[in-house]
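Each chain, letter by letter, is given below.
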Amino acid sequence: MSELKNDLFLRALRGEVVDRPPVWMMRQAGRYLPEYLVLKAKYDFFTRVETPELACEITLQPIDIVGSDAAIIFSDILVIPQALGETVLMEEGKGPTLPHTVTTQADIDALQVEGAAERLDYVCKAISLTKKELNGRVPLIGFAGAPFTILCYMVEGKGSKTFDRAKQFCFSQPHLAHQLLQKITDATISYLKAQVAAGADCVQVFDSWSGMLAPEDFTAFGFEYLQQITDALSPLCHVILFPKGSWYALNQISHSGASGVGIDWTVPAAYAREQTGNRITIQGNFDPARLLTSPAEIKKEVTKMIDAFGVQRYIANLGHGILPNVPVDNAKAFVDAVKEYKKK
Ligand code: CP3
């Protein structure tokens with residue numbers, strides 16, 4: 001059905017029988033690649049994101065250089081707050097900053113859901129261009145941040161170790177929190193649909209901070225909106241949910257209708273399998289810091305990881321984004337070890 005030369009990633013998401021697991025790395029576009037750092041020195045962050053030719057070039061780099069089985073479009077999760085009308089600054093060494101935080105009814109009322117997806121048309125242009133340039137080599141993943149994670153940045157205004165102000169907002173003003181989450185969700189659904197229309201074969205929803213929530217709070221402030229996104233997108237493409245740290249929600253997520261779920265390295269393979277049955281493909285969960293060891297050590301640990309998860313209904317990946325200081329040879333060793341995996 002597909003004109004893809006390598007559709008291993010999509011076959012794993014469909015639960016088809018494969019000879020080896022597909023492999024890609026979260027945050028593989030950017031960060032550690034010298035070819036990326038050249039473009040980073042020349043253009044500021046949002047120029048790289050908003051120029052389809054640059055975003056396309058950066059997306060293809062890990063396919064050409066490390067040989068991943070899937071590409072992920074180069075962009076950022078914080079383009080949604082921008083499209084809703086917020087200012088987002090990305091300063092070197094500081095991470096993202098949103099100078100105007102959202103905390104009141106008036107702040108929420110000012111957010112413009114209408115037209116948000118259209119304002120992100122440059123991402124769709126980058127996706128169409130990348131599909132063309134990939135020429136069927138591997139599938140292309142589109143993505144967005146999960147509503148709770150986006151709320152964290154919009155309320156807090158910057159990264160945080162605990163996101164306690166964002167949680168305080170949810171717990172003390174739940175009515176406002178749900179309004180904000182719904183606005184983010186509505187914009188995200190339109191945006192992800194546009195990514196699929198432009199050619200994305202799959203979408204991943206990054207809930208980087210969901211693990212900050214207790215299980216019942218995740219159900220209320222996290223899962224509710226992940227479910228809305230999954231309901232809207234899963235008839236159109238494969239959906240992978242990555243609620244980092246929310247190990248307690250694996251069973252719930254396995255019944256969501258998503259094709260895949262990402263897990264981090266704190267989750268044992270047997271536990272993840274037991275919680276999800278054969279209902280969903282598991283993606284993960286190599287500790288990104290293990291890529292700072294040696295190619296031989298990486299190969300040994302990758303083999304152990306695949307032995308534990310099994311080859312079927314599994315996508316080899318990291319448990320979170322690749323670190324900026326990973327040597328390219330080690331990233332290659334990770335990908336090669338998956339490709340060379342032989343069942344004992
Ligand atoms: O996966 C990919 O390679 C595609 C590109 C991508 C970026 N950000 C590019 C980027 C993706 C999928 C993201 C997602 C993202 N952005 C998340 C969710 C995933 C995760 O790691 O938890 C989050 C929380 C953000 C927000 C964000 N953007 C932060 C906290 C930072 C600063 C620190 C950092 O590097 O993560 C960014 C900036 C950013 N986004 C960079 C890149 C390559 C680094 C800045 C630069 O290269 O100029």
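Our structure's up above, just so we're on the same page.
Residues numbered from 1 in each chain as written. Predicted model: local features only at pLDDT ≥ 70, side-chain atom pairs only at ≥ 80, totals over all residues. Heavy atoms only, no water.

The next point concerns the overall build of the chain. Scanning the chain from N- to C-terminus turns up 16 helices and 9 strands. Taken over the C-alpha trace, the chain has a radius of gyration of 19 Å; the compact-globule value for 344 residues is 20 Å, and the two agree within 12%. Projected onto its principal axes, the C-alpha positions of the chain cover 60 × 45 × 40 Å. Counting across all 344 residues of the chain, residues that qualify as buried make up 58%. Accessible surface computed for the chain: about 13600 Å², of which carbon and sulfur atoms make up 53%. Where the 34 positive side-chain charges of the chain centre and where its 39 negative ones centre are 6 Å apart. (Helix = DSSP H or I, 4+ residues; strand = E, 2+ residues; numbered from the N terminus. Rg over C-alpha atoms; globule rule 2.2 N^0.38 Å. Buried < 20%, exposed > 50% of the residue type's maximum accessible area, 1.4 Å probe, protein only. Areas by Shrake-Rupley, 256 points an atom, 1.4 Å probe, with all protein chains shown as cover. Lys, Arg positive; Asp, Glu negative; His and termini not counted. Charge placed at Lys NZ, Arg CZ, Asp CG, Glu CD.)

As a further point, take the sheet that holds strand β4 (residues 140–145). In spatial order, the strands read β1-β4-β5-β6-β7-β8-β9; together these 7 strands make up an open sheet with parallel pairing. On the outer flanks of this sheet lie β1 (71–72) and β9 (314–318), each paired with one strand and no other. Here 3 bridges tie strand β7 (residues 260–262) to strand β8 (residues 281–286), and the two strands are oriented parallel to one another. Directly across from V261, in β8, lies its bridge partner I282. (Pairing = 2+ DSSP bridges.)

With that settled, the discussion passes to the site of the ligand. Lining the immediate environment of the ligand, one finds 22 residues, of which R27, R31, Y36, S208 and H320 sit closest. Between an oxygen atom of the ligand and a main-chain N or O atom of A29, the distance comes to 2.8 Å. Within the side chain of D76, a nitrogen or oxygen atom sits 2.7 Å from a nitrogen atom of the ligand. Look at the ligand: alone it shows 840 Å² of surface, and the protein chains cover 88% of it. Elements with a contribution of two residues or more to the shell around the ligand: α2 (34–42), α3 (45–50) and β3 (95–97). (Near = heavy atom within 4 Å. Polar contact = N/O pair within 3.5 Å; in protein donor to acceptor, adjacent residues only side chain to side chain.)

Turning next to the pattern of salt bridges. What the rule picks out here adds up to 14 salt bridges. We note a salt bridge from R11 to D7, for which the minimum N-O separation is 3.7 Å. Each of D7, R11, R14 and E16 takes part in one network of salt bridges that share partners. (Salt bridge = Lys/Arg side-chain N within 4 Å of Asp/Glu carboxyl O.)

Along the chain, S256 falls in the loop between α13 (250–254) and β7. Here S256 falls in the buried class, since its relative accessible area comes to 5%. For S256, the side chain forms a polar contact with the main-chain nitrogen of A258, separated by 3.1 Å. In contact with S256, other than residues within four places in its own chain, are F223, Q227, T230, D231 and L241. (Contact = heavy atoms within 4.5 Å.)

Before going further, it helps to examine the environment of P174. Secondary-structure assignment places P174 in helix α11 (residues 174–198). Residue P174 is classed as partly exposed on the basis of its relative accessible area of 35%. Residues P174 and L151, 23 residues apart in the sequence, show an inter-C-alpha distance of 12 Å. Those residues within four positions of P174 in sequence are excluded, and the remaining contacts are F169 and F221.

Right, let's talk about the side chain of Q28 for a bit. Position of Q28 relative to the elements: it lies in the loop between α1 (8–14) and α2. The class of Q28 is buried, set by a relative accessible area of 0%. At a separation of 2.8 Å, a polar atom in the side chain of Q28 contacts the side chain of S68. Residues contacting Q28, with those up to four places away along its chain left out, are L33, P62, I63, S68, A70, A71, I72 and I322.

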